[in-house]
Amino acid sequence: MPLTRSLSDATVVITGASSGIGAATAYALAQRGADVVLAARTESALRRVAASCRELGGRALVVPTDVTDPEAVEQLAARAVAEFGRIDAWINNAAVGTVGLFDEIPVAEFRRVVDVNLLGAVYGTRAALPWLTAAGGGVLVNNASVLAEVAMPYQSAYNATKHAIRGLADTVRQELRVTGRGNISICTVLPATIDTPFFRHAANHTGRELTPPPPVYPPEMVAETIVKLLRRPRREAYAGGAARLIGLQWRLAPALAERVLGWYTARTQFGPGVRADSTGAVFTPGGEAERTDGWSGRRGQMLRLTAAVGLAAGTAVGTAAAISRRSRVGRP
């Protein structure tokens, strides 16, 4: 079920709103006249995003929030209602990452990624549901990444949390339906690699410079996908053609796709530079807001992924066709 009112009259809470996809989504909603409630750990960055939202025509409330604190998330919801009277939509977007081999990632960092990415979505969903019900219905969107469906090496903690978020969304959606609360839509967005500060802020235990595996898309593309979900909710929506392509390949031939994607990302998520071990912004937030790293739109990105994944897809289709032919021949 879509929003019970137009976006120009809606109140939307966004976590992880100080940069990247969160900031881009806030701008997309402000342009449409929505009231946005901006949550993240860095107040100064949120205030810069809020000022831009107001220039675009929307109203903005800044609520510094650590999504790993359930009481703080409940207070975020209460502040939104106190300021704007209701909550019509909630976007769980906050995320951190730690990059390295599974058995070399510090346990404390792995736990922190789970706390922010998964439990942050849990606390956000629990805080949002009563207010969405009170508003007569609404939409909750979880930003889960295409890594909720596929996997890539050196990202075990992030992969695990994104898979879990997808399962959480499916379960809550079922429960709302069977308990007569179908006027609340639970949506999952599955972006491809997006040009955000994520790789710059991630903890790094690889000894190498981190770069986003191409193709890399601008955060505004994900923001527009989220806006579409608020208007016409769907269970899931890809953001970026590469995400759709990879997801299809993973479903058609999971074993082959796992090998190809592992080979591809292991060779494309590292730059030439050497880096010392770093905890990044996993525990302490960065002070920057909004900026991206200029990765999106680089020539040749899509060609490289299409060649790798397309080869695997062609092999999978050929294999499936051969099996189908053999099965037909063997029928009595």
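Residues numbered from 1 in each chain as written. Predicted model: local features only at pLDDT ≥ 70, side-chain atom pairs only at ≥ 80, totals over all residues. Heavy atoms only, no water.

The protein has the name NAD(P)-dependent dehydrogenase (Short-subunit alcohol dehydrogenase family) in an unreviewed UniProt entry, where Micromonospora echinospora is given as its organism. Heading Sequence similarities (unreviewed entry) of the UniProt record for the protein holds this comment: "Belongs to the short-chain dehydrogenases/reductases (SDR) family." (UniProt positions renumbered as here; feature names shortened; annotations may be inferred.)

**Q** How would you summarise empty space enclosed by the protein if you had to cite specific residues and measurements?
**A** Summed over the entire model, instances satisfying the criterion amount to three cavities of 30 Å³ or more. Here the second largest cavity defines a volume of roughly 80 Å³. Breaking the lining of the second largest cavity down by element, the ones donating at least two residues are α4 (107–134) and α5 (156–178). The greatest single-element share of the lining of the second largest cavity, amounting to four residues, is contributed by α4. When the residues that make up the lining of the second largest cavity are grouped by side-chain class, the tally is five nonpolar, six polar and one charged. (1 Å grid on protein atoms, 1.4 Å probe; cavity = no way out; pocket = protein on both sides within 12 Å on 5 of 7 lines; lining within 4 Å. Points joined across faces, edges and corners; volume = space filled by probe spheres on them. Helix = DSSP H or I, 4+ residues; strand = E, 2+ residues; numbered from the N terminus. Nonpolar A, V, L, I, M, F, W, Y, C, P; charged D, E, K, R; others polar.)

**Q** Help me get a handle on the environment of A243, residues and values and all.
**A** Tracing the sequence through the fold places A243 in helix α8 (residues 241–252). The class for A243 is buried, based on a relative accessible area of 0%. Each C-alpha atom, one on A243 and one on S145, is 8.6 Å from the other, the two residues being 98 residues apart in sequence. Those residues in contact with A243, other than ones at most four positions away along the chain, are V146, L190, P191, A192 and Y238. (Buried < 20%, exposed > 50% of the residue type's maximum accessible area, 1.4 Å probe, protein only. Contact = heavy atoms within 4.5 Å.)

**Q** Could you give an account of the sheet that holds strand β7 (residues 184–191), naming the residues involved and the relevant values?
**A** Pairing in this open sheet of seven strands is parallel, and the strands run β3-β2-β1-β4-β6-β7-β10 from one edge to the other. Single-partner strands in this sheet number two, and they are β3 (59–62) and β10 (236–239). Put simply, the sheet's adjacent strands are angled 20° from each other on average, direction ignored. The sheet contact formed by strand β2 (residues 35–39) and β3 spans four bridges and is parallel. Counterpart to D35 in the pairing with β3 is R59. Sheet strands touched by helix α3 (residues 70–84): β1 (11–15), β2, β3 and β4 (89–92). Its angle to β3, the strand with the most contacts, is close to 145°. (Pairing = 2+ DSSP bridges. Axes fitted to C-alpha atoms, helices over the stretch in contact; angles between N-to-C directions.)

**Q** Which residues make up the pattern of salt bridges, and what are the values?
**A** What the rule picks out here adds up to twelve salt bridges. The shortest N-O distance in the salt bridge between R47 and E43 comes to 2.7 Å. With R47 and E43 both in helix α2 (residues 43–55) and four residues apart, this pair spans about one turn of that helix. With relative accessibility at 46%, the residue R47 sits in the partly exposed group. For D88, the salt bridge is made with R86, and the minimal N-O distance between the two is 3.1 Å. Each of R5, D9, R86 and D88 takes part in salt bridges that share partners, so that together they form one network. (Salt bridge = Lys/Arg side-chain N within 4 Å of Asp/Glu carboxyl O.)

**Q** Requested: an account of the packing of aromatic side chains, with residues and values cited.
**A** Within a pair of aromatic rings, the relevant descriptors are the distance that separates the centres and the angle that separates the planes. By the definition in use, this model includes four aromatic pairs. Considering the side-chain rings of F102 and F110, the 6.1 Å spacing of their centres and the 85° angle between planes classify their relative orientation as edge-to-face. Residue class for F110 comes out partly exposed when judged on its relative accessible area of 21%. Ring geometry for Y154 versus F270: centroids 5.1 Å apart, planes at 85°, classification edge-to-face. (Phe/Tyr/Trp six-rings, centres within 6.5 Å; stacked < 30°, edge-to-face > 60°.)

**Q** How would you explain the nonpolar core if you had to name every residue and give the values?
**A** I14, L29, L38, C53, V141 and L230 are the most contacted members of the largest nonpolar core, which totals 65 residues. In terms of residue count, the dominant contributor to this core is helix α1 (residues 20–31) (eight residues). For I14, the residues in contact, after removing those within four places along its chain, are G22, T25, A26, L29, V36, V37, L38, A39 and I91. Counting residues in hydrophobic clusters, the runner-up holds 32 residues, among them V13, V81, Y123 and I184. (Core = buried A, V, L, I, M, F, W, Y, C linked by side-chain atoms within 4.5 Å.)

**Q** So what about the pairing of β1? Which residues, and what values?
**A** Counting buried positions along β1 gives five out of five residues, so the element sits mostly inside the fold. With burial as the criterion, each face of β1 is covered, one bearing T11, V13 and T15 and the other bearing V12 and I14. In terms of strand pairing, β1 meets β2 through five bridges, oriented parallel. Following the sheet pairing, T15 is matched in β2 by A39. Running through α1, the crossover from β1 to the neighbouring parallel element β2 is right-handed. (Right-handed = clockwise from strand over helix to strand, strands pointing away.)

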